[in-house]
Amino acid sequence: MIFTVIIPDDIANFDDLHRTKGRERVYRKKSTSAMDEDTSHQEGQEGTELRDKEETDETQTSLPVDMCYSYEELHSKPFITPESDIPENLLVFSHSFGYDCGRRANLQLLDERTLVFIAGQLLILLDVCTKQQRYMRSCSGGGIGSIGVSNRKEYLVVAEKGRKPTLIVYKYPSLQAYRILRDGTQRAFSSVNFNSDGSLLASLGSAPDYMLTVWNWRQEEVMLRCKAISQEVYKVSFSPYNPGLLTSSGSGHIKFWKMASTFTGLKLEGLIGHFGKTAATDIEGYIELPDGKVVSGSNWGNLLLWDGNAIKVELCSKGGQCCHAGVVQPFALEDGQLMTFGADGMIRGWDFETIDAADSSSENSRFEMEPMNEMVVGRHVCLFSIVKSSQPDSTIWYAQDTNGAIWKVDLSFTYTTPDPECLFSFHAGAINGLDVSKKSHLMATTALDRSVRVFDFLAKTELTCNRFTQGGTALHWAPPMVNQTGSLLVTGFEDGVVRLLELYDPSGLQIVTRHNVEAQLRLKQAFKPHNAPITTVAYECNGAILATGSSDSTVFFFTVGEKYEPIGFVCVPGPVQVLEWSPHSHHENSLLILCLSGHVVEVQCPDPKTQQTGKSYQLLELPRRTFRFKSIKSRIRREEEIARRQALKEKRKKEREENEITDEEEEEEEEEEALPRIYIPDPPSPLYWGFYSKPGQFWLSMGGYDSGFLYHCKFSENQDENSEKCLVEPFDFLAIQNADGDPIRSVTFSSNRQLMFCGMHSGSIRVYPLDPDDHALTSMQPYWELSIHDSNYGYLRHICCSHDDQFVLTAGDDGNIFSFSLLPDEELQKERQKKKAKVPSPRVGLENEVLAKDIDDPAAYSIETAKQKLEKDRRRREADKTIFAKRKRLAAFQNKFKILLNENLNLPGHNQLTPLELLLDQRFEDQAESEKITRLNEVQYQMSWQEEHSHLSLKKLQDWFIGSSQSKIVTVFAIRTDHRVSTYHIPSLSSTRLQQQSSSSNSGVNETALAECQKSTDQPEKDSSETDEDDAPPTPVSRAGVQVADRQVERLQKAAEKAEQARAKIAKRKQEWDKLYAEKPHKDCEDPRDVQAICEAKERIGDLKLKTDKNFTVPKHLRMSANRKKVEMINLEDNIREKQTEMNREILALRDFKLLLLSKLGTQAKQFQRIQNHLPSQLHCCPPPPPTVRLEEVPEKSLQCTRAILERYRVLREQRLKDAELEDQESGTSVVDELEKEIELLEEMENESGSSPEETAGEEEELNDEELQNMKQDALLDMRDFLLEQMKILVDQFDKEHLMCLEKVQMLDWKLKLGNLRQLTLYQELLLLKEVDKSEKTLQDKLDKRLKEEDDLMSELEKYRKALELKRKDIAKRQEKEKANTAAFHALLGDDNNFEEYLTKVYKKKIKRAKKKEQGSEEEDEDSNDDFDDYENWDDDDDDDWDALDGDGAVEECPPGCDPKLFDDVLELRERRLDLEELLAEEKKNAEQLEKECDALVKKMKSVKISLKAAEDDLEEVNREKQQKMNQLEVVVPLRLHQIEIDISAQVPSDLSPALVLTRMELQRLQERVNELEVEKLQQTEVYRQARQQHIRLIKERKDMSNEIQSLEKLCHQLMMTRFGREVDMEVLQTLCVNKTVAEMKQEKILRDIANAKDIQQWDRKVEKARETLMGMTRSNSERLLCLNSLFEQKKELELKLYSRQKKIGKHLQACSRRADRGQIWSLQELVRKQSEQIERLSKEISGLGPTGGHMLPSGHAHLPPLPPRSTPTVHKCTRIRGKFKPGIKEEDTTESETND
């Protein structure tokens, strides 16, 4: 992954940014691939954070330049259990013997002689010259993730691992902790890098956050931060040429970054690299070029040149070879060369200018070039990283080798350049075996790198190293009781071989060695007890037996001596993990076998004196006990939880007793949570280590779920066959502090067992002080722990103490080996004065001994396998001997019986025994026969499977060799000539071809069925449009009781018939017009004949360019794919096979004819011989030589095997076994050869002997024929000549047919050769097509995807358009209904209506209506709110003018004099109009939404079409490239010289490559076609001229017809206006007829008018009576009024009198009353004002709560008046109560009625 960052000018130390402004990286637009979308989403979500520089300057002060931290306070220290007396320096680190060579970038250079690398929890500074080491511990205690060095070698940054790890910057060479950077990642750092001037630092975190951080490290500040990507990242670095660019690489991706200035500050913007057509790869390394490009490596060995965020070209060697074998990394740009190294151990230099200008060709994206220089670092070298010397102009580099070495290379590439030098060599990978000498300070290790190394850990040096063919997996140093000198090593290897190695000092040999070495290893013995890797070896406590364990679940025992001899082996239930012999304190000598699967097996020590003489080495009778671990961790946790809860309950109970809480309060306590369930892990946890505690008892350390405890276990007393399957729980356990998830992987004890050393899974070492003889580990509580190996993968599987307990050695899976000292400093210095350990001296006479034979073949037999094979061979030999002895004895009995028979025959007749007397008693024979049958049945039953197997094998062989006539070549020879003709060898079809043929036959049926199914499913569904119930036409109401007269009915029927005829005529005319319009072509339509002709012309013309043209476009129907080419090859092969099969039939028929002919010739030859016998000798003539049948003509006879041949083969094989002792295979081969020779001799003898016995007998009978004897000599001569002539004719006929067949074969050979050449061409084309098939398939899939998207969009667009069309139709219907509603309103008003203006305003008034609510409960809410709304919306103005209806708050009232029913109908029509308007608005809104959807789909369709066009162009380009590659293939066309004719000259040119090869017929056809094209051109010109004239004539006629149509339309308009007064639809007028319903309604109207007239007369009479009554009442009222007037006058007089009196009395009270009235008036006015304000405030609040913010007035409700100051005249109002109109209610009654409602 690659990141590039651009930093603006406002950051310090970036003054040269403007110089690189023109070279900024061009960032392309982001792709829409899945990976880019994911990355873009992460970048958009997370973004990058920048601390504001101004705020930082204000709030923080810069750190002092000379400020440093104390390293002693920072570095991690051992953990010691609190309150324990364990010293902190219990173990003192001594030396590191390993190197984590598999870690990325684990080699840095601090100065010219100091290398630095990570080793577990340590940072090692290695002096190249003196090989001295300095150490720095990790500060976090979790390990070190990565290291980096600044360009000036002034600062060293150490990236820690752990929780919230830190970055620590050290000064060099003082190594003071200068700066600490925190919160850079969550778990670990994977890469760190300084920029060119060292002012900035970039860090990359590993999982789970993968955080990229840019630091201003001098101030310990985070400048920029961003998540890099969601997968593993390997490396990050600044660009050396542009300080604002960052690059990074990782797993399957590459990414580019820049620092962009935004309105919020600086932000990191990253672009992921697009691999395009190149396969995605992990990018381990890269290098930035000066112009902004980047060169990165790949997994397959080629270089990738990145321009922007895309691959410009892939660089490879000439011929398409990879730049390196395996992973390649570019690392430097020096002297015009781009330097690269690879996993193949090569360093190459490539021309930079060529790379910079490289561009891919049109054929592929690769650019081929050759390296300028190259260097082979070494054999079996895999380079992983490389650093340059710090000296200026130096060419020295130091390389990291993943095979465990550090190399020094000189890359000057001159004649004086020295060879690469291996400075240091270590183990590569995990350490699989470690042990120490019991006599000296020596240590031996082994690993899978196939090496065994011996170290002097006192002198801190490596003594010797031996390499083998397989990797080492186990190692054990023999104890002194086995080897007194301590020179014997037992090593196990991954192929199951155990090697005994002797260590000795070569200086003690009597011969002089060439190399001055301190120690050497010599192979003493090698044996292979196992077929899988050796996991552990162990010597018995007395040293008499060696036990080896393997992952093949076996343990092998050997006797110890000068030569180790096998005793036997035992099988165990799982892979062996640890072998532990019982100590001397146990009364029984037994071996404890710990299996990885959790099984523990104890076997008794086998007797070394007992040698296994059986069939196998397996010790089945060896006593054993088995234990299988059962997990108890969940039960332990459960018991702890129960104890905790019990203690908590006791505590609460005690508190309650103290506080005197009652029992009722106890019941209120919450219920307890469920206890942890019992859990048994599946699969079971692995067993890592174990050791004896007491006889029959042992401790186990488990991994996985069961870690965190040591389990004390013992074998059960009842041991049976099922003991291996039964789970047994430990009887005791010991909790290990802080070890849950960190199990113990290895355990060792000091010699006095006072210290227990534990190697942990996390790579740390623990030391437990123990009491003497504490086998129960009761004192195992306090401990000392130090993290030393890598915490992620440095499992500490090996830990040992030296023989004197002065040193502790550890080895982990991270490849590191550490030594610690247990001595105080004073004693340690004394011990170091010894300088080095003592190497054992060689044995006497060692130099004269022959080297032991090693086992180099990994497939060699193991000891048990070899014995099984020997036993099998022995049993086979014994069986053969037994059979031979029985056969020999039987043959002796047979010979003896024959002698007795001969003697019996020689006796006189009366003394001879009869055959019946020679027979035994029949009962013996019957008994023997029954026994034979019984045994035969038993043998047949036992051999039934083998017999069936043999039969099947024989059948397969017969089918292979004999069953197919195509497998043997039959050669037919001519009789008189040497001509021969042979059949063709036709290979059988492969299984894949047969499967393809069967699948193709089945696929036809499947495709047919699928097509039918597809056809049935693709039928369009019928469109159904639902109509609203409101829109449905009203059903006609039957009018019962209204009948039409008979004459009127007749008239109606005639009118209906006339209208029906008119409708039929109109429909017929409409069909004719429709047919005519259907035949009318579209405006842009062309003649179908012309379209067809154009299509044919296009197909014929095609692409006029040759296929060799670069711009040639391959037609779609001619595009070739790998599958089509495969089909073409198969068809050609089938054609060839068919021709060969047909010719084979003819040749076989010729062979059969020859055999028939030979039989006829044989008969004639016999007759000729008989005639010769009857002729005198002087008349004899030589008969023609008889033709013979050769073996090549009947090859099937050679494969026919008879019983006699098999018997002869058996006899020959037995003789050969007797004669010589050869191997079975060799003897069988020689016997077969001899048998074949004998068969050939027998066949020759049969041919020479002539006829069979039957034929000889027949011949003798014919020779005795008297007719031949009686014939005359002339007749015999004529007969003889006739026979000779017949024989000659037959032979000539056969030779003639043979010659004809030979000519056919030769012609077919010529055609087959052409077919083979064609096959070769097709195969080359197939290979080429397969190369591009993947990319073409990808593009085709992309094109298909785009086509599918286009089809989906088209169908969706069509669906939306149909919906829009339906919606528009609905809108039109609504509009028509609205028009009909308006027409109904105008019809309701009628003409000359006095209230038309007012009612029109009422009808057109726009009121704000509440949304329709659900029925039911919401109706009550509406009714309850009506009064309040009416009160709030009441108009304060008392003006009764009708113009008040224009306001929103006007009261709708029926004006005086207006019909209330009419007013109600108007309101009802208005409600309907409003409903229609709402529906119409909703429909329009939906239509607008559909139009927007259609527009969006159209836009999307355009983009899809653009991408479709791009995909088609890409596919076309690929096809063009494919065609160009296919054009480069050479096609062989055999031509004779006389067949070549050159048109341009009479002489054949020397170079025919530019010539176009055509047949003569094709050339003639082309020449004739030229003439035909000229004639066709003239014809087409004439057709065009005639068509143009016709076109002009048609235009003129169309213009005349348009004028005539206009004049007729004008005349029609005038006639309509004259007759009807307006334009009418004539079709409608013609179809009008008297409607029966209308007639019935008219009849009903007449009847109603008559009835209404009668009612009017009755009402007139009633009115007259009422007028008379009114006149009487008026008179009486007048009288009463006169009386009332007089009373008023009297009242007035009394009032005047009363007033005069009161005037006198109330002068004083008048002033007071006036003031009181004024106060009351003011209070009332104030009350009215407050109520008005309250009403206004409530009205605003209601309007704010409305749906549109306006005032809403429910229709049909009148306003309630707010306390009117004066009475108002009574008017009629129209009030709606629950949706019903009630006109004519008075004002004072309105409130009452509404209240009642």
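Model, not experiment: these values are computed from the prediction.

Novice: What is the right way to look at the overall build of the protein chain in this model?
Specialist: Check the secondary structure of the protein chain and you find 28 helices and 62 strands. Within the protein chain, the proportion of its 1797 residues that are buried is 36%. Across the protein chain, the fraction of contacts at a sequence separation of at least 24, relative to all contacts at a separation of at least 6, is 60%. Summing over all exposed atoms, the protein chain offers an accessible surface of approximately 112000 Å²; the carbon and sulfur share of this is 52%.

Novice: Looking at this structure, how should I read the pairing of strand β16 (residues 245–250)?
Specialist: Two faces belong to every sheet, and in a regular strand the side chains alternate between them. Burial analysis of β16 places six of its six residues in the buried class, the great majority of the element. Relative to β16, strand β15 (residues 233–238) is paired through five bridges, and the arrangement is antiparallel. Pairing of Ser-237 across the sheet is with Thr-247, part of β16. Remark: six residues form the turn of the hairpin made by β15 and β16, two consecutive strands paired antiparallel. As paired strands, β16 and strand β17 (residues 253–262) are joined by six bridges and run antiparallel to one another. In the sheet register, Leu-246 faces β17, and the bridge partner there is Trp-257.

Novice: Where do I start with the state of the cysteines in this structure?
Specialist: Here, disulfide denotes a covalent bond that connects the sulfur atoms of two cysteines. Counted according to the given criterion, the structure contains zero disulfides. As a non-bridged cysteine, Cys-800 has Cys-801 as the owner of its nearest cysteine sulfur, 7.7 Å distant.

Novice: Just checking my understanding: could you explain the sheet that holds strand β22 (residues 310–316) for this structure?
Specialist: Hydrogen bonds along the backbone pair up the strands of a sheet, which may run parallel or antiparallel. Taken in spatial order, the five strands of this open sheet run β19-β20-β21-β22-β26, and their pairing is mixed. Whereas interior strands pair on both sides, the edge strands pair on one side only; in this sheet they are β19 (286–288) and β26 (366–368). Mean inter-strand twist for the sheet, computed between neighbouring axes without regard to direction, equals 25 degrees. With three bridges connecting them, strand β20 (residues 294–296) and strand β21 (residues 303–307) associate as antiparallel partners. Each residue of the ladder has a partner; that of Ser-296, found in β21, is Leu-304.

Novice: Which parts of the structure should I look at to understand unusual backbone geometry?
Specialist: It is generally the case that most residues other than glycine have a negative phi and that most peptide bonds are trans. Cis peptide bonds are those with omega within 30 degrees of zero, and the linkage from Tyr-172 to Pro-173 qualifies with 15 degrees. Residues Ala-207 and Pro-208 are joined by a peptide bond in cis, for which omega reads 10 degrees. Along the chain, Pro-208 turns up in the loop between β12 (201–205) and β13 (211–216). In this structure, Lys-153 takes a positive phi of about 60 degrees despite not being glycine. Along the chain, Lys-153 falls in the loop between β7 (144–149) and β8 (155–160). Taking the relative accessible area as the measure of exposure, Lys-153 reaches 22% and is therefore partly exposed.

Novice: Just checking my understanding: could you explain the environment of Asn-309 for this structure?
Specialist: On the secondary structure map, Asn-309 appears in the loop between β21 and β22. On the basis of relative accessibility, which here comes to 1%, the residue Asn-309 falls in the buried class. Linking Asn-309 and Lys-293, residues 16 residues apart in sequence, is a C-alpha distance of 9.3 Å. A polar contact is formed between the side chain of Asn-309 and the backbone oxygen of Ile-272, at a distance of 3.5 Å.

Rules used in this analysis
- Residues numbered from 1 in each chain as written.
- Predicted model: local features only at pLDDT ≥ 70, side-chain atom pairs only at ≥ 80, totals over all residues.
- Heavy atoms only, no water.
- Helix = DSSP H or I, 4+ residues; strand = E, 2+ residues; numbered from the N terminus.
- Buried < 20%, exposed > 50% of the residue type's maximum accessible area, 1.4 Å probe, protein only.
- Contact = heavy atoms within 4.5 Å.
- Areas by Shrake-Rupley, 256 points an atom, 1.4 Å probe, with all protein chains shown as cover.
- Pairing = 2+ DSSP bridges.
- Disulfide = S-S within 2.5 Å.
- Axes fitted to C-alpha atoms, helices over the stretch in contact; angles between N-to-C directions.
- Polar contact = N/O pair within 3.5 Å; in protein donor to acceptor, adjacent residues only side chain to side chain.

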